[in-house]
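# Structural features, examined
Each chain is listed here by its residues.
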Amino acid sequence: MISKNIEKALQQQIAVEGYSSAVYLSMASWMDAEGFEGSAAFFYKQSDEERMHMLKILHFINDNDGHAIVPAIEAPPKSFKDFHSCFKSVLDQEQKVTASIHELVNTALKERDHAAHNFLQWYVSEQMEEEKQVKSILNKLKIIGKDGSGLYLLDRELGEMAANAAGGEDATA
Ligand code: OFO
């Protein structure tokens, strides 16, 4: 059983994860339209992952005698200035999500809700991983600058990352 305060806070996080999923889906579509096939695959995968994060919270609420409500999701940006600025927005988005996960952990501690606190630790680790990943991509972009062939290679690498992640998931399915 979770407290009403935790349920309310988790409910808000459902919308945050849903928005992340929508933003990455929009980035995937934009990359696709721009011809960056590898990056499009990367973002389609990220969008699926964010949907999974949203669902995990929804199930946690329902499994603990709450009732998760599917929220309205704000429309994401339709297009992005360029490849670089798209990835800069990813870091901004992830840092916002990290801040809201940390707020949730604080609420769980205040409410002395150990089950919710334990559940949220997965999200704390996931955010560290995601921030690390996007910072590494941004570092590569700094080296690449405006070089087209560098961008081509990075796009290919991002496509391979998405394919490997999908392969890993199949193996455990
Ligand atoms: Fe939901 O993992 Fe980042 O945003």
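What you see is a predicted model, and the numbers here were worked out from it, not measured in a lab.

Quick reminder: α-helices carry 3.6 residues per turn. Residues three or four places apart thus point the same way. Look at helix α3 (residues 83-110): 41 Å from first C-alpha to last across 28 residues, which is about the 40 Å you get at 1.5 Å a residue. The residue sitting at the N-terminus of α3 and contributing the capping side-chain oxygen is Asp82; that oxygen lies 3.3 Å from the backbone nitrogen of His84. Just beyond α3, the residue with positive phi is Arg112, at close to 55 degrees.

With that out of the way, let us pick up the environment of Ala116. With respect to the helices and strands, Ala116 occurs in helix α4 (residues 114-144). In this structure, the C-alpha to C-alpha distance between Ala116 and Leu104, residues twelve residues apart in sequence, is 9.0 Å.

Let's shift gears to the packing of helix α1 (residues 4-34) against helix α2 (residues 37-63). Viewed as axis vectors pointing N to C, α1 and α2 meet at an angle of 165 degrees, and their least axial separation amounts to 8 Å. Considering their axes alone, α1 and α2 lie roughly antiparallel with respect to each other. Between α1 and α2 the crossing geometry is left-handed. Grouping the amino acids of the contact of α1 with α2 by side-chain chemistry returns 15 nonpolar, ten polar and five charged.

For the pair α2 and α4, interaxial distance at closest approach is 12 Å and the crossing angle is 170 degrees. Taken together, the axes of α2 and α4 are roughly antiparallel relative to one another. Touching Phe42, Gln46, Glu49, Glu50, Met52, His53, Lys56, Ile57 and Phe60 of α2 are Ala115, Ala116, Phe119, Trp122, Tyr123, Glu126, Glu130, Gln133 and Ile137, all from α4. Residues that form the contact of α2 with α4 fall into these classes: ten nonpolar, three polar and five charged.

Geometry of an aromatic ring pair is reported as the spacing of the ring centres plus the angle between the planes. Scanning all chains against the criterion turns up ten aromatic pairs. Between Phe42 and Phe87 the ring centres are 6.1 Å apart and the planes differ by 45 degrees, which places this aromatic pair in the tilted class. With a gap of 45 residues between them, Phe42 in helix α2 and Phe87 in helix α3 connect regions that are remote in the sequence. Grouped by ring-pair contacts, the aromatic residues Tyr24, Phe36, Phe42, Phe43, Phe83 and Phe87 constitute a single cluster.

Phi at Asp65 is positive, roughly 70 degrees, even though this residue is not glycine. Summarising the element assignment, Asp65 is placed in the loop between α2 and α3. Positive phi outside glycine occurs at Arg112, with the angle close to 55 degrees. Looking at the element boundaries, Arg112 is found in the loop between α3 and α4. For Arg112, a relative accessible area of 70% corresponds to the exposed category.

The next point concerns the pattern of salt bridges. Taken as a whole, this structure holds four salt bridges when the rule is applied. The shortest N-O distance in the salt bridge between Lys45 and Glu49 comes to 3.3 Å. One end of the pair is Lys45 and the other is Glu49, both in helix α2 and four residues apart, which spans about a single turn. The residues Lys45 and Glu49 share a single accessibility class, namely buried. Here Glu157 and Lys140 are joined by a salt bridge, their closest N and O atoms 2.7 Å apart.

Rules behind the numbers
- Residues numbered from 1 in each chain as written.
- Predicted model: local features only at pLDDT ≥ 70, side-chain atom pairs only at ≥ 80, totals over all residues.
- Heavy atoms only, no water.
- Helix = DSSP H or I, 4+ residues; strand = E, 2+ residues; numbered from the N terminus.
- Expected span 1.5 Å × (residues − 1).
- Polar contact = N/O pair within 3.5 Å; in protein donor to acceptor, adjacent residues only side chain to side chain.
- Axes fitted to C-alpha atoms, helices over the stretch in contact; angles between N-to-C directions.
- Parallel < 35°, antiparallel > 145°, perpendicular 65-115°, else oblique.
- Left-handed = near helix turned anticlockwise from the far one by under 90°.
- Nonpolar A, V, L, I, M, F, W, Y, C, P; charged D, E, K, R; others polar.
- Contact = heavy atoms within 4.5 Å.
- Phe/Tyr/Trp six-rings, centres within 6.5 Å; stacked < 30°, edge-to-face > 60°.
- Buried < 20%, exposed > 50% of the residue type's maximum accessible area, 1.4 Å probe, protein only.
- Salt bridge = Lys/Arg side-chain N within 4 Å of Asp/Glu carboxyl O.

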